[in-house]
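Descriptive structure summary
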Amino acid sequence: MKTAAVYTLGCKVNQYEADVMKEMFQQRGYRIVPFHDPADVYVVHSCAVTVAAERKTRQMIRRAHRQNPSAKIVVSGCYAQVGKEALQEMPEVDLMLGTHRRREVVDMVESLAAGQGICAVGDIMQIHEYEEMPLHLGSERTRAFLKIQEGCNQFCSYCMVPYARGPIRSRNIDRIEEEALRLSEAGYQEIVLTGVNLGLYGLDRQDGSCLRTVLERIHPLKHLKRIRISSIEPTEVTGDLLDAVCDLGKVCRHFHIPLQSGDDVILQRMNRRYRSVDFLKVVESIRTRFPRAGISTDVIVGFPGESDAQFENTRRVVREAAFSRTHVFSYSPRPGTPAATMPNPVPGPVKDERSRILHEQAATQSLAFHQSFLGETVQVLAEKADAQTGSQEGLTGEYIRVMFTPGSDELTGEMVSVHLTDAHTEFMGGVRV
């Protein structure tokens, strides 16, 4: 039997697409093997958010070639889309797909002649139709990702995603419902809605649909217990959307909303379309409706020109927002973006110190959020069990990771009642009820 291996870098959207490509190979008679094993075909589904992600892509291409020099090597995803010139100089690469025509991957692989290289990367800015790539079974046993939207129109000054993914395209809502039904009937109790610019679902459609419409369509599915919104921009957290979350009990009370900076001048230079006060109003509107909601965020420290005072503004906003979790990133210039040529870069040691300070602040806030749940009994979607310790981990609707006992493989993928007994920065401990 022919074998294929897939390595995925980057976001949940990439993970979904990689799962679809695995299924397409399986449907054509391939056996999926781990990437570190010999295979007939290797697919590296790439990311271009950082220079480090691009470097990792090249490393995985070379590793695949070392493992089987006669294998066909495919590079798909964002780096293939924006970095095709660099990849074309790598003799190991047989096929480049970019962020379109991925549904043709198996046909293209099987049409490759010996020693032939194909570049199937087109102009993504001219693509205005959503590429339907249905998923039948996810790679996880517990949560299933469901991609409903592609593309981004934001053009933040530090980001390559709009150039790699093209303009906004929204998936047909009937296809979304069909896939959600199929996944829920397959046993997935939580579906995570994903997209490149998720909150703008429906903007390009003429039928009036929006993210609320999607939530309302899939909420009645009887086998489905949870719906999670993966990430949403602050400008897209509307009162109408929050009203829908209020009305629909299956939607998780967790909102991941990227802040990026708490300083208005830096936000403007980032081409972010809100001010810090606007962001805090969004947080307040969520907490008014959901006092116990988990609200997580992303923050970039050391953006070009960021002063000590501007960093302190970010610390203030992070403190006032009282995030349940804060992901801190040190700014790294991405060639091809406007920010890469901005003056006054922040020295590395300064970025490192600011990152350390914000990490400590974030850890204190995460611990406080977890402590507020002590003594409560919550619903945990059980993930992997540890046979040696007899424990198991999983997630609450608020995106709190819980380690509980006793655990067992039979619980994986099931909702479990857990009494929370102790709080830590990264997780909570508990006992199964």
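Look up a bit, the structure's there.
Residues numbered from 1 in each chain as written. Predicted model: local features only at pLDDT ≥ 70, side-chain atom pairs only at ≥ 80, totals over all residues. Heavy atoms only, no water.

Structural notes on the overall build of the protein
Per the secondary structure count, the protein includes 13 helices and 18 strands. Taken against the 2.2 N^0.38 rule, which gives 22 Å for 433 residues, the C-alpha radius of gyration of the protein at 22 Å falls within 12% of a compact globule. The buried share among the 433 residues of the protein stands at 54%. Look at the contacts in the protein between residues 6 or more apart in sequence, and 73% of them connect residues 24 or more apart. (Helix = DSSP H or I, 4+ residues; strand = E, 2+ residues; numbered from the N terminus. Rg over C-alpha atoms; globule rule 2.2 N^0.38 Å. Buried < 20%, exposed > 50% of the residue type's maximum accessible area, 1.4 Å probe, protein only. Contact = heavy atoms within 4.5 Å.)

A look at the sheet that holds strand β13 (residues 325-330)
As a general point, the strands of a sheet are linked pairwise by backbone hydrogen bonds and lie either parallel or antiparallel. In space, the three strands of this open sheet follow the order β11-β12-β13, with parallel pairing throughout. Among the strands making up the open sheet, the edge pair consists of β11 (254-256) and β13. Going across the sheet, the axis of each strand differs from the next one's by a mean of 15°, ignoring polarity. Here six bridges tie strand β12 (residues 294-301) to β13, and the two strands are oriented parallel to one another. The residue of β13 that forms the bridge with I300 is F329. Its contacts with the sheet place helix α13 (residues 348-371) against β12 and β13, and it is angled at close to 170° to β13. (Pairing = 2+ DSSP bridges. Axes fitted to C-alpha atoms, helices over the stretch in contact; angles between N-to-C directions.)

With respect to the sheet that holds strand β9 (residues 190-195)
Across the sheet, which stays open at both edges, the four strands sit in the order β8-β7-β9-β10 with mixed pairing between neighbours. Every other strand in the sheet has two partners, leaving β8 (169-170) and β10 (226-229) as the edge strands with one partner each. Bridge count between strand β7 (residues 143-150) and β9: six bridges; the pairing is parallel. Paired with L146 across the bridge in β9 is L193. Contacts from helix α1 (residues 12-27) reach β7 and β9 within the one sheet, and its direction differs from that of β7 by about 105°. On the sheet, helix α7 (residues 173-185) packs against β7 and β9 and is oriented at approximately 175° with respect to β7.

Remarks on the side chain of R102
Here R102 is to be found in the loop between β5 (95-98) and α5 (105-111). Accessibility expressed as a relative area gives 1% for R102, which makes it buried.

Some remarks on the pattern of salt bridges
Between side chains of opposite charge, a pair can form as their charged atoms come close. One pass over the full model with this rule turns up 38 salt bridges. As a salt-bridge pair, R354 and E306 come within 2.8 Å of each other at their nearest N and O atoms. With a gap of 48 residues between them, R354 in helix α13 and E306 in the loop between β12 and α12 (308-321) connect regions that are remote in the sequence. Just as R354 is buried, E306 falls in that class too. (Salt bridge = Lys/Arg side-chain N within 4 Å of Asp/Glu carboxyl O.)

Focus on the packing of aromatic side chains
Going through the model one piece at a time under the given rule, you end up with ten aromatic pairs. Geometrically, the ring pair formed by F35 and Y42 is edge-to-face, given 5.1 Å between the ring centres and 65° between the ring planes. As far as burial versus exposure is concerned, F35 and Y42 are alike and both buried. Between Y158 and F303, the ring centres sit 6.5 Å apart and the planes meet at 80°, which makes this aromatic pair edge-to-face. Taken together, the residues span a long stretch of sequence, with Y158 in the loop between β7 and α6 (161-165) and F303 in the loop between β12 and α12 at a distance of 145 residues. By relative accessible area, which is 0% here, F303 ends up buried. Taken together through their ring pairs, the aromatic side chains of Y7, F35 and Y42 make up a single cluster. (Phe/Tyr/Trp six-rings, centres within 6.5 Å; stacked < 30°, edge-to-face > 60°.)

Considering the packing of α12 against α13
Each pair of packed helices gets described by two things: the angle between the helix axes and the distance between those axes. Direction vectors running N to C along α12 and α13 enclose 10°, while the axes themselves pass 11 Å from each other. Here α13 runs roughly parallel to α12, going by the angle between their axes. Each of D308, F311, T314, R315, V318 and R319 in α12 lies in contact with α13, whose residues at this interface are R354, I357, L358, Q361 and Q365. Looking at the contact of α12 with α13 residue by residue, the classes come out as four nonpolar, three polar and four charged. (Parallel < 35°, antiparallel > 145°, perpendicular 65-115°, else oblique. Nonpolar A, V, L, I, M, F, W, Y, C, P; charged D, E, K, R; others polar.)

A closer look at the environment of E383
Position of E383 among the secondary structure elements: in strand β14 (residues 377-386). Among the residues examined, E383 registers a relative accessible area of 12% and is labelled buried. What E383 contacts, discounting residues up to four positions off in sequence, is T142, R143, Q392, E393, G394, L395, R401 and T412.

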